[in-house]
Every structure is written in C-alpha cells, then in structure tokens.
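Structural characterization, general
So you can see what is in the structure, the chains are spelled out below.
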Amino acid sequence: MADITASEIPAGGLVTSDGRPLKTALADAQARAKRRAFLLVAPLLVFVVVTFIVPIGQMMHQSIYNDGFSANMPRITAWFAENPIGTEPDETAFEALALDVRDSAAAKTIGVVGTRVNYEMSGTRSLFTSTGRKAKDFSEPYHEALRAADAKWDNPELWATMRQVSRAYSPNFFLAALDLTRDTQGNIVRVPEERQVYVNLFIKTFGLGLLITFTCFLLGFPIAHLLAILPLRWSNLLMILVLLPFWTSLLVRTTSWMVLLQQQGVLNSLLVWSGIIGDDGRIQMIYNQTGTIIAMTHILLPFMILPLYSVMRPIPPSYVRAARSLGATSWTAFRRVYLPQTLPGIGAGSLLVFILAVGYYITPALVGGASGQLISNLIAFHMQDSLNWSLAAALAALLLAAVLVLYWLYDRLVGIDNLKLG
Amino acid sequence: MSVSHNDAYVAFEHVQKSYDGVSLVVKDLNLNIGKGEFLTMLGPSGSGKTTCLMMLAGFETATNGEIKLDGRPINQVPPHKRGIGMVFQNYALFPHMTVGENLSFPLEVRGMGKSEREAKVKRALDMVQMYDFINRRPAQLSGGQQQRIALARALVFDPSLVLMDEPLGALDKQLREHMQFEIKHLHESLGITVVYVTHDQGEALTMSDRIAVFNDGRIQQLAPPADLYERPDNSFVAGFIGENNKLPGIIEELSGDKALVRLATGEVIDATAVNVTQKGQKTLVSIRPERVEFKPEMMPEGAHMIGADVLEVIYMGDILRAVLRVAGSDDFVMKMRNTQGQTRLTPGQKIRVGWHPQDARALEPM
Amino acid sequence: MKKLLILSTALTGASFAANAQEVNVMSWGGAYAVSQVEAYHKPFTAATGITVVSIDADNPATPIKAQVEAGNVTIDVADVEYADAIRLCDEGLLEEIDMAMLPPAPDGTPAAEDFLPGAVTDCAVSTIVFSTVFAYDTTKFPEGPTTMADFFNMEKFPGKRGMRKGAKANLEMALMADGVPAADVYATLETPEGIDRAFGILDKIKTDTIWWEAGAQPPQLLADGEVAMTTAYNGRIFAAAVAEGKPFGTVWDGQVYEYDLFVIPKGAPNLEAAKQFITFATDTQRLADQAKWIAYGPARKSSGALVGMYQDGKTEMAPYMPTSAANLTNALASSYEFWVDRDTELNERFNAWLAAN
C-alpha cells in the first residue's frame with residue numbers, strides 16, 4: 001500500500017539507482033521467469049489449441065461453409081457470379097452446367113454435388129447422378145442435351161437453389177437449423193409445419209434441461225447437506241456412494257435403468273407383485289420423456305452434489321445456531337441464513353448440470369424413445385446418419401451459443417465470482 | 001454473591017448429558033445463577049462447560065435433569081423461543097448480510113416494524129460505537145469490530161440472559177483485554193445476566209461475579225474470583241487457577257482447620273486443612289508463589305520456616321521469580337515484587353522460606 | 001480445411017498400420033454377423049490364412065464417410081444397404097469393384113448373368129436379399145395377425161409396437177397397410193398427399209411404439225415383452241424363433257425386401273485382401289452356405305438350388321426366405337432410386353413427426 005503522490009514521481013517515471021528506467025528494469029528482471037512460465041504451460045496450450053479450439057473452430061466454420069457444389073462445378077458457379085439473380089439461364093449457362101456435370105461425373109464427385117443441392121431441394125440428388133452417367137456423350141446445344149437427359153433441368157426452382165448453393169459461404173444451414181428456408185425469390189420463410197423440428201426441439205431440450213436441473217437440486221441438496229454435517233468418516237463413506245456412479249460406465253448405468261424401469265422390469269414387477277397395479281396396468285416409465293428425466297437426473301446428480309457439498313462443508317453450524325438463538329424458526333434460519341450461503345454451490349451445480357443436460361446424447365438415445373429425444377440426438381443423427389455435417393455443425397453452434405448466452409446471463413444476474421465448483 | 005434456589009434466574013437441576021449412551025460428559029450438574037449475575041464457566045477443553053452452555057441455549061438436550069429459566073422448565077422449549085442472546089466463538093455474523101441487516105434479523109423474525117427496528121439497531125450499534133459501519137459486510141471488518149457487532153446483535157432484542165461462548169478467543173491479547181472491559185461495562189450498565197464460557201483463567205478472574213470451575217463433567221468449585229484464587233477447594237482448582245507450589249506430605253496434627261504437615265524430607269510446616277479429615281492422611285499442600293516469604297520479620301509469630309536452595313532467579317520486570325529446591329522438590333517457585341531495595345538472591349544461596357498458615361492449603365491429592 | 005481435419009484427427013485418434021494378414025469386415029452384428037462369420041470368415045481364413053476381424057455397427061454405412069474424409073480408414077469391407085451403397089459410390093467414397101473379379105457359377109455362367117438383376121453395381125456386390133417384415137408374440141396373439149393392416153390395428157391387436165427409427169420401410173408398410181398395392185407404393189410416396197397419408201397411418205400407433213435402431217433390438221424387445229409386435233429383419237426373427245425357440249410369428253404380408261451389399265471404402269488399409277475376401281465370399285457355394293445360418297436369400301441364381309436345411313439339419317429354409325414364392329404374394333422391392341433422393345427430406349420429416357407430441 002504505497003501511496004506515492006504524483007509529486008514524488010520524477011518526469012519520465014522512476015529510475016533505478018544506476019539510472020535505468022524502473023519499468024525496463026522490472027521487465028528485464030521478470031522476463032526470464034515469464035519465459036519459463038510460458039514454456040511450462042506451452043505443451044498444454046498446444047494441446048488445448050489442437051484438440052479443442054481447432055476442432056470447434058472447424059465445426060463453426062463448417063456450419064457456414066460447404067463447397068460441395070462450388071468446388072466441383074466451377075463453370076456454372078462462375079456464371080452465377082457474373083449474372084444477377086433473376087437472369088434466365090441461357091445457352092452459356094447450360095453449357096457451363098453440362099460441362100461441369102460431365103467433369104464432376106468423371107471425377108466421381110457428382111454425388112457430392114447432388115447431395116449438396118439435395119439438402120436444399122429434395123429429390124434432386126438422382127437428377128445429378130443420373131445425368132452424370134449420360135454426360136460424357138453431351139454435345140451442343142447443351143440446353144437440348146440436358147433437357148433430353150431430364151426435363152427437370154428447366155425447373156426455375158432448381159436454378160434458384162443451384163444459385164444459392166454455388167456460394168460456398170452461406171447462412172442456409174443456420175436457417176435450416178431454425179426451421180427456416182428460402183423461397184425461389186430468396187426470401188427467408190418458415191419451412192412447412194410438418195417439417196419444423198429444430199426450434200421446438202431446442203425449446204424442449206432447454207425445458208427438459210431445466211426440469212432435470214431442478215430435480216437434481218431437489219435430490220442433491222439434502223444429500224449434500226447430510227454429507228456436510230456428518231462426521232468425516234461417515235461422510236467419506238457416503239461420498240464414495242455418490243462417486244460410485246462415476247466409476248461405472250455410462251452405458252452400464254443407463255442400461256441398468258432399462259432393467260429397472262421397463263414394462264417387464266424390476267419396478268413394474270414389484271408394483272404388480274405388491275398389488276398396487278394390475279398386470280395389464282404396467283406403467284410405461286422408459287422409452288419416453290420420463291425415462292430420459294429419471295436416467296439423466298441419476299447420471300447428473302453427482303455434478304450437483306459435489307459443488308453443493310464443497311460449499312456446505314465449510315459453513316459452520318454456528319450460523320444456523322446463531323439464527324435460532326436470535327429467534328428464527330428452523331425454517332427461517334434455513335431460508336434466510338443457510339440457503340443464501342449455499343447459493344454459489346447451487347449456481348455452480350445448476351449451471352453444470354444444465355449445460356451437461358442440454359448436450360447429453362447417449363442416455364436420451366437409449367432410454368428416451370421418441371418423446372425423450374434432445375437436440376443432441378438430432379446433431380448425432382446428422383453427423384452419423386444423414387451425413388449432413390454442415391447442418392449438424394449449425395445446430396451445435398446454436399447450442400453452444402445458447403449455453404454461452406446462459407452463462408452470460410448467469411454472470412449478469414448472480415455474478416460469475418459467485419460460482420464455486422469445489 | 002450467593003444465590004438460593006428460590007431466587008435463581010437460571011437453574012440446572014441434576015442435569016446429566018451423554019452423547020453416546022456409554023459415558024457422561026456432564027455428571028449431575030446443579031447450578032443456580034442469579035438475575036444480573038456474571039457467571040463464568042471455566043475449565044479445560046472437554047470439561048463439559050460448553051455442553052452446559054449449549055443445553056442452556058437449547059442446541060443440546062439434557063439427557064436427564066431439568067434446566068429452568070426464571071422458574072420455568074425449558075427443556076422442551078426450542079431455542080428460538082427461549083429469548084436468550086448468544087455470542088459465538090467465531091462471531092457467526094451472517095456473511096451475506098450487512099451489519100445493519102445482521103442486527104435487524106432478530107427484530108424482523110419477531111415481526112417488529114421498520115422504524116422500531118431502525119431505532120433499536122441504531123441504539124445497539126451506538127452502544128458498541130459501531131454505527132458508522134452499518135452498511136459494511138462482516139468480511140470488511142476487523143476481528144475486534146466483528147466482535148462488537150456480534151455483541152450488539154446478541155443484545156439488540158433486549159434479552160435478559162446472554163450467553164457467550166469464548167467470545168474473545170480469536171482476538172490478540174491487547175484487544176482481548178480491552179473487550180473484557182467493554183463487556184463487563186455493558187453487563188453492568190444493562191443489568192443483564194451473563195453466562196460466559198472460557199478456558200482463559202485471567203479472563204474469568206477479571207470479569208466474573210462468580211466462576212464455576214469445570215473438570216471431568218463436574219463443577220469443581222463455584223466461588224467469586226478471590227475465593228477461588230486464594231482458597232481453592234481441591235488440588236485441581238489449585239493447579240488450574242494461577243501458579244501454585246505443591247508439596248506432598250502427611251498430616252501430623254489436625255485441630256479444626258489447622259494442620260501440621262510433615263514433608264517427605266521430615267520437615268514440618270503449617271497449613272490450613274481444606275478437605276483432609278484425619279491424622280496420617282496423605283496430603284498435597286498448595287502455596288501461591290507470591291505468598292512465599294523468605295524474610296523472618298514478615299512471618300507471623302511461631303510459624304515454621306524451612307530450608308531452601310536458590311536454583312535460578314529470573315528477572316521479569318515487575319517481579320523477580322526464583323526457582324528453589326524445597327523439601328526435595330526442585331520446582332518450587334517464589335515471586336518477589338521488584339521494589340526499590342528488594343533483596344537480590346543469587347543461585348546457590350541458601351535461604352529459609354515460610355508462609356502464613358492460611359496461605360498453605362492442605363488438600364486431598366487427586 | 002481438410003488438412004486441419006486430418007491433422008487434428010491424426011493427433012487425437014491414433015491410427016495403427018494394419019497387419020497385411022488381416023481384413024476388417026464391418027457388419028450389422030447379432031445373428032446376421034454370426035451367419036457371415038460361419039459362412040464366409042471362417043472358410044476364408046482356412047483357405048487363405050488371412051484373419052478376418054468382424055466389427056459390429058448399427059449401420060456400417062455411417063462410419064465410412066467420416067473415416068474416408070478424415071483420411072483414417074480402418075474398415076476394409078462393409079456390409080451396407082443398397083441406397084447407401086449407391087450414395088457412397090456417387091460421392092467417391094468407395095473403391096470400384098470389377099465384375100470380372102467375381103467368380104462364375106459352377107456351371108460356368110459368368111457372374112454378370114448369375115447375380116440377380118441389379119445385385120452388382122459399380123462399387124458394391126450383393127450377398128443376400130433381406131426383408132423388413134413384422135413379427136409378433138404368439139403367446140399374446142395365438143390366432144395371430146395375418147396382414148400388414150393388422151400391425152396398425154390397435155383395437156383388434158392391442159399392445160406395444162416396435163418400429164425402426166427412420167423413414168425407410170416404415171412409410172412403405174404404412175401405405176400397404178392402407179391398401180395401396182405394392183406396385184403403386186413409390187408412386188404414391190412421390191406425392192405430398194401420399195407422404196401425408198403414410199404419416200397419417202403411422203399416427204395411429206405413434207404413442208404405442210418403441211423405436212429401435214440396431215437390428216438386434218427388435219427380437220430382444222419382443223422377448224422382453226416390451227412390445228407385442230415389431231417390424232424386424234426377417235433373419236433376426238428366424239434366428240430367435242428357430243434357433244432359440246422363441247414364440248415369434250412372422251407375417252410376410254407387406255414385406256419390404258432389398259439387397260445387402262459388400263463395399264470397400266476408398267483407402268481401405270488392406271485393399272487386396274478385401275478384394276480377395278469379396279471374391280471368396282460371393283461365390284455360389286458361400287452364398288448358399290450363409291442360408292444355413294440365417295434366413296436371407298442368396299443374391300446368386302445358382303445358389304438357390306444349393307440352399308437346403310438350416311444348420312440344425314431339420315428345418316427347411318425355403319418357407320423362411322423372403323424370396324420364396326409364398327412370401328412374395330404382397331411384397332415390395334425397396335427402391336433405391338427413391339431413397340437416394342428422398343432420404344434427407346423424409347427423415348427430416350420423420351424426425352419432426354417423431355419429436356412433435
């Protein structure tokens with residue numbers, strides 16, 4: 001706490017006894033230490049950049065970039081660039097298209113082109129591949145040749161779509177991820193109702209995430225409290241029980257819920273045996289939303305308990321005692337004194353559970369049935385089944401953005417320094 | 001101050017407490033505390049004093065016996081209905097509330113109106129000279145300041161009984177002594193009853209009207225500070241309070257409370273019999289170092305003096321402390337005031353020491 | 001972009017140089033993979049000394065794109081469906097297969113004429129014809145459902161249903177259940193009304209349906225009592241019913257059959273061994289042998305005559321084959337042209353339909 005007033009500092013700053021500026025001297029003195037520190041963390045930095053930042057960057061890039069059309073159809077792409085929207089395709093355009101299709105077919109990339117167009121306009125994939133097979137015999141006039149190969153080449157909607165996909169960078173995948181599309185004039189419109197899926201699924205994912213966070217809180221709070229007040233040897237034993245699921249494969253935990261909850265499962269059989277329900281009244285507890293909620297609450301519970309416990313353990317019992325001695329009932333003492341002090345743990349646990357919940361994939365896939373699917377299951381679907389990686393990337397980017405917004409909101413409302421992970 | 005059963009404000013009647021059902025941490029406690037009294041429970045850790053305080057506050061239940069407050073049994077009354085103010089060892093100020101909110105809390109839970117609350121909070125903070133800190137949070141205060149706030153909070157709802165559980169333990173010596181004075185002052189000006197728990201005998205002697213010395217789940221002695229210091233009832237109290245010389249011996253003669261004790265080396269000394277009952281009994285004679293005399297002119301007529309070797313003399317500023325070999329034990333301590341012209345002893349010197357018979361207390365060995 | 005991808009993949013997932021005396025075959029797992037191991041892998045290893053590693057996947061077509069694009073191919077041979085084979089081939093993700101490398105029939109008929117029509121494409125060779133049928137628990141329905149329409153009839157046949165999570169085969173079956181003749185199914189599905197009609201039929205059982213993904217799941221769901229009826233690959237039901245004695249009945253009405261094909265991903269680590277394997281596995285005898293283990297029809301005409309008994313030695317295979325005349329009275333050949341084009345759109349629609357409550 002050196003209170004140096006302005007008058008004590010000479011013009012140009014302090015100097016060392018041998019006349020060097022103090023700032024330079026300090027920087028020199030610390031440079032070596034800084035270099036060593038940097039070298040020490042450099043391997044980690046490289047690791048994080050290569051395995052984390054680069055793939056995420058790639059993913060974000062892929063969500064707006066797809067050169068499946070432009071890279072393989074250079075001539076028609078150039079034609080689209082030269083001619084403004086609304087230009088009727090002329091013979092030059094058809095020539096460019098025909099030669100592109102021919103070359104692309106020869107290079108075995110016509111499927112990639114067709115797939116790219118097919119994302120935007122269903123039913124066009126085979127148009128490209130089948131035309132590609134005939135393309136080596138094409139000759140002038142190319143309009144006639146293409147029309148002879150398939151009459152669909154005259155479809156203005158197809159040309160509008162090709163113009164859109166000829167730009168490697170486009171927001172179309174984000175539009176698709178938000179149930180939006182472009183009409184032939186290029187206006188953004190909603191997709192037909194029967195194909196709207198992502199927005200509702202995002203809402204559902206966040207709703208379920210909230211619900212799972214809340215059930216984790218309801219179950220985790222008393223457990224964490226018990227852990228915090230028990231003598232250490234008992235709480236350590238209990239802690240092992242809390243941590244045990246971590247040492248068990250996720251698949252094993254999820255499938256054991258199947259064994260417990262399915263209609264011919266342990267719980268239903270127990271209920272039938274005890275006469276609470278009839279044999280024909282077995283309850284559907286899995287392969288639906290309920291299954292997702294139960295299994296995910298179980299799997300994510302430790303992530304709520306651990307931060308809560310780490311916050312609760314150091315709270316001395318004297319706070320509640322003080323409140324009681326000051327005239328508060330046990331409920332008031334809990335609500336006004338104990339609970340507020342656990343807020344950093346609640347915040348950390350809830351944020352952790354929520355973020356994990358909205359990104360969870362394997363558990364809803366296994367026990368969620370149709371109604372318990374989350375957005376990540378569709379991301380996986382586009383990664384693995386439909387192979388539309390750009391759309392998967394756009395969905396994932398939206399999920400990431402939503403989580404970041406949430407994090408920002410949390411910081412604004414609660415304060416990120418009020419977060420204690422343990 | 002002695003208190004009879006009838007006008008006791010707080011009464012422990014045959015209170016016993018066990019945590020494990022095997023052993024007792026509080027064994028048959030009987031204690032009456034008068035209204036307006038400052039009573040200190042003093043003892044080593046594990047002696048049961050804090051347990052007694054917690055039973056009084058309502059955080060522990062008595063296993064057996066009855067605790068009465070103002071004549072009313074309170075065993076079944078939950079802590080928040082007892083109306084007892086309490087100051088905790090670590091202050092227990094609510095960290096998420098400001099000083100003002102901390103003080104307001106007991107008033108709010110009592111459903112008091114806002115203006116009345118503010119007035120009371122102001123009065124309590126003024127009382128500890130902390131009103132300027134009303135908007136601070138506890139973490140922004142020093143230990144001493146937190147201590148004052150904790151005190152103000154325990155007093156703000158006007159309890160007539162305040163419990164303090166080692167409230168000054170975390171403060172440095174100087175601040176502690178200052179706070180002792182302040183607490184004592186508040187006690188006197190407010191006329192409240194205070195039950196104070198500490199393991200610091202100096203604190204207990206300074207502040208209390210009466211001190212209950214706890215050991216092994218029992219009150220060893222209950223007496224005003226001077227009695228406790230000068231007339232310990234047993235060898236535990238004698239050893240626990242202040243410094244004491246202990247000389248083992250056998251009762252040679254016993255008449256009333258006067259006893260002659262023969263020490264191991266064969267010398268005979270005078271002592272006051274406290275809890276020895278017959279001739280030939282083993283005893284431990286306890287003598288305060290500052291009551292030991294080595295100048296024959298200071299001794300009463302006919303009192304015995306015995307030989308001593310000076311082993312070491314330590315200069316301590318206000319006093320001189322001499323370690324002597326007396327009757328075979330070489331840890332016998334004598335304190336001399338460092339007055340002008342005081343005789344300076346040197347190691348190796350042979351002297352004779354003695355004491356007034358009432359200062360040598362023949363106690364039953366533990 | 002691609003370089004980056006390769007770099008990060010190379011750094012995160014170590015790729016091991018494969019042993020030359022080994023070929024990795026990815027297939028669908030369960031009873032089907034067992035039949036391939038018995039009919040192809042074991043004899044191949046015995047004949048050539050090359051080890052065959054059998055790998056299971058829900059759909060072996062899916063890892064191919066990721067592996068080829070990342071430049072980290074570990075599969076030598078994959079067993080895929082027709083539409084996937086065409087699509088992957090068009091995108092340049094598969095090695096081409098020369099018809100000349102396939103062995104002729106025992107009587108000398110060249111492979112080109114011996115394989116069923118369309119069974120060999122530029123990049124793929126068919127081994128079997130499999131079918132999506134529906135099966136039921138005979139203890140729950142002793143009389144048994146007999147038509148495709150019964151599958152969607154919740155009043156007459158109450159109980160949970162199982163269906164594959166995806167549009168393919170489900171839409172066709174729904175239309176056939178609604179009375180559309182097999183010949184008109186794809187024409188109907190080309191129209192928006194036809195698609196609405198198919199989803200309208202699926203709506204009837206939506207809330208009572210458990211959606212499966214792996215071919216091994218439906219017999220398990222049926223055995224666990226989780227469902228009363230489920231669509232399934234016919235061979236899986238056959239294996240459970242005949243080999244394990246499960247009380248399952250198969251309904252052939254409205255079956256949707258198609259080829260299963262072997263393909264070689266571009267850049268397969270053991271290309272020569274892979275080709276050798278395909279040549280070996282697709283000869284007349286091997287294809288016929290597979291039918292000893294599972295009820296899938298061989299893709300060669302000359303194999304048909306060699307199909308005899310199931311490996312238990314007492315079960316005649318013919319009634320269990322999708323291609324036997326009795327089972328073809330109301331059957332549909334899956335159209336790869338349709339699915340190559342419509343896969344994206346209809347699966348999107350299917351997902352939307354599934355997610356809507």
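With respect to the overall build of chain B
Of the regular secondary structure elements, chain B holds 8 helices and 19 strands. Counting only C-alpha atoms and orienting by the principal axes, one finds that chain B spans roughly 75 × 50 × 35 Å. Taking all 366 residues of chain B together, the buried fraction comes to 41%. Within chain B, contacts between residues separated by at least 24 positions form 65% of all contacts whose residues are at least 6 apart in sequence.

Quick look at the overall build of chain C
The secondary structure content of chain C amounts to 15 helices and 10 strands. For 357 residues, the compact-globule estimate of 2.2 N^0.38 gives 21 Å, and the C-alpha radius of gyration of chain C, at 20 Å, lies within 12% of that figure. Structurally, chain C occupies a C-alpha span of about 60 × 55 × 35 Å along its principal axes. Residues classed as buried in chain C amount to 54% of the 357 residues present. Look at the contacts in chain C between residues 6 or more apart in sequence, and 74% of them connect residues 24 or more apart.

So, the interface of chain C and chain A
Taken together, the contact pairs 30 residues of chain C with 40 residues of chain A. Listing elements by their share of the side of chain C that touches chain A, those giving two or more residues are helix 1 (2–12), helix 3 (62–70), helix 4 (82–90), strand 6 (209–212) and helix 15 (336–355) of chain C. Examining the composition of the side of chain C that touches chain A, we find that 13 residues originate from one element, helix 15 of chain C, more than from any other. Residues belonging to the side of chain C that touches chain A are distributed by class as follows: 9 nonpolar, 9 polar and 12 charged.

Points about the domain arrangement of chain B
Interface extent is often summarised as the accessible area lost during association of the parts. Residue and element names in this part refer to chain B. Examined at the domain level, chain B breaks down into domain 1 (8–235) and domain 2 (243–363). A separation of 39 Å is found between the C-alpha centroids of domain 1 and domain 2. Listed per partner, the contact involves 5 residues of domain 1 and 6 residues of domain 2. Along the lines of polarity and charge, the residues of the side of domain 1 that touches domain 2 split into 1 nonpolar, 2 polar and 2 charged.

Observations concerning the nonpolar core
Soluble globular proteins tend to bury their nonpolar side chains together. Ranked by size, the top nonpolar core spans 176 residues in total, and within it Leu300(A), Leu395(A), Val77(C), Ala85(C) and Val263(C) carry the most contacts. Counting residues per element, this core draws most heavily on helix 13 (residues 289–312) of chain A, which supplies 14 residues. Ignoring sequence-local partners within four residues, the contact set of Leu300(A) consists of Ile212(A), Cys216(A), Val353(A), Leu356(A) and Ala357(A). Core analysis: the second largest hydrophobic core is formed by 108 residues, Ala333(A), Leu42(B), Val121(B) and Val195(B) among them.

Re the domain arrangement of chain C
Residues and elements named next belong to chain C. Along its sequence, chain C is organised into domain 1 (2–129 + 259–315) and domain 2 (132–257 + 327–355). For domain 1 versus domain 2, the distance between C-alpha centres works out to 27 Å. Residue-level contacts link 16 residues of domain 1 with 16 residues of domain 2. Counting residues per element, the ones that place at least two in the side of domain 1 that touches domain 2 are helix 2 (30–48) and helix 4. Per element, the largest residue contribution to the side of domain 1 that touches domain 2 is 4 residues, and it comes from helix 4. Counted by class, the side of domain 1 that touches domain 2 contains 11 nonpolar, 3 polar and 2 charged residues.

Here we look at the sheet that holds strand 19 (residues 361–363) of chain B
Residue and element names in this part refer to chain B. Read around the closed barrel, 5 strands run 11-12-13-19-14, paired in mixed fashion. With direction set aside, neighbouring strand axes in the sheet form an average angle of 55°. Both strand 14 (residues 282–287) and strand 19 contribute to a ladder of 3 bridges, which runs antiparallel. From the neighbouring strand, Leu 284 faces strand 19, where its bridge partner is Leu 363.

Structural notes on the sheet that holds strand 15 (residues 305–315) of chain B
All names here are of chain B. Taken together, 4 strands build an open sheet; the order of strands is 17-16-15-18 and the sheet is antiparallel. Bordering the open sheet on either side are strand 17 (329–337) and strand 18 (350–354), each of which pairs with just one other strand. For this sheet the average axis-to-axis angle between neighbouring strands, irrespective of direction, equals 50°. Across 7 bridges, strand 15 lies against strand 16 (residues 319–326) in antiparallel orientation. Within strand 16, the position partnered with Val 313 by the bridge is Ala 322.

Observations regarding the packing of helix 4 (residues 110–120) of chain A against helix 5 (residues 125–134) of chain A
Residue and element names in this part refer to chain A. Taken N-terminus to C-terminus, the directions of helix 4 and helix 5 make an angle of 155°; their axes are 7 Å apart at the nearest point. Classified by the angle between their axes, helix 4 and helix 5 sit roughly antiparallel to one another. Crossing of helix 4 against helix 5: the hand is right-handed. Contacts between helix 4 and helix 5 involve Ile 110, Gly 111, Val 113, Gly 114, Thr 115, Val 117 and Asn 118 from the first element and Arg 125, Phe 128, Thr 129 and Gly 132 from the second.

Parameters at a glance
- Residues numbered from 1 in each chain as written.
- Chains lettered and ligands numbered in written order.
- Predicted model: local features only at pLDDT ≥ 70, side-chain atom pairs only at ≥ 80, totals over all residues.
- Helix = DSSP H or I, 4+ residues; strand = E, 2+ residues; numbered from the N terminus.
- Buried ≥ 20, exposed ≤ 12 C-beta atoms within 10 Å, placed from the backbone.
- Contact = placed C-beta atoms within 7 Å.
- Rg over C-alpha atoms; globule rule 2.2 N^0.38 Å.
- Nonpolar A, V, L, I, M, F, W, Y, C, P; charged D, E, K, R; others polar.
- Domains from an automatic or database assignment.
- Core = buried A, V, L, I, M, F, W, Y, C linked by C-beta atoms within 7 Å.
- Pairing = 2+ DSSP bridges.
- Axes fitted to C-alpha atoms, helices over the stretch in contact; angles between N-to-C directions.
- Parallel < 35°, antiparallel > 145°, perpendicular 65-115°, else oblique.
- Left-handed = near helix turned anticlockwise from the far one by under 90°.

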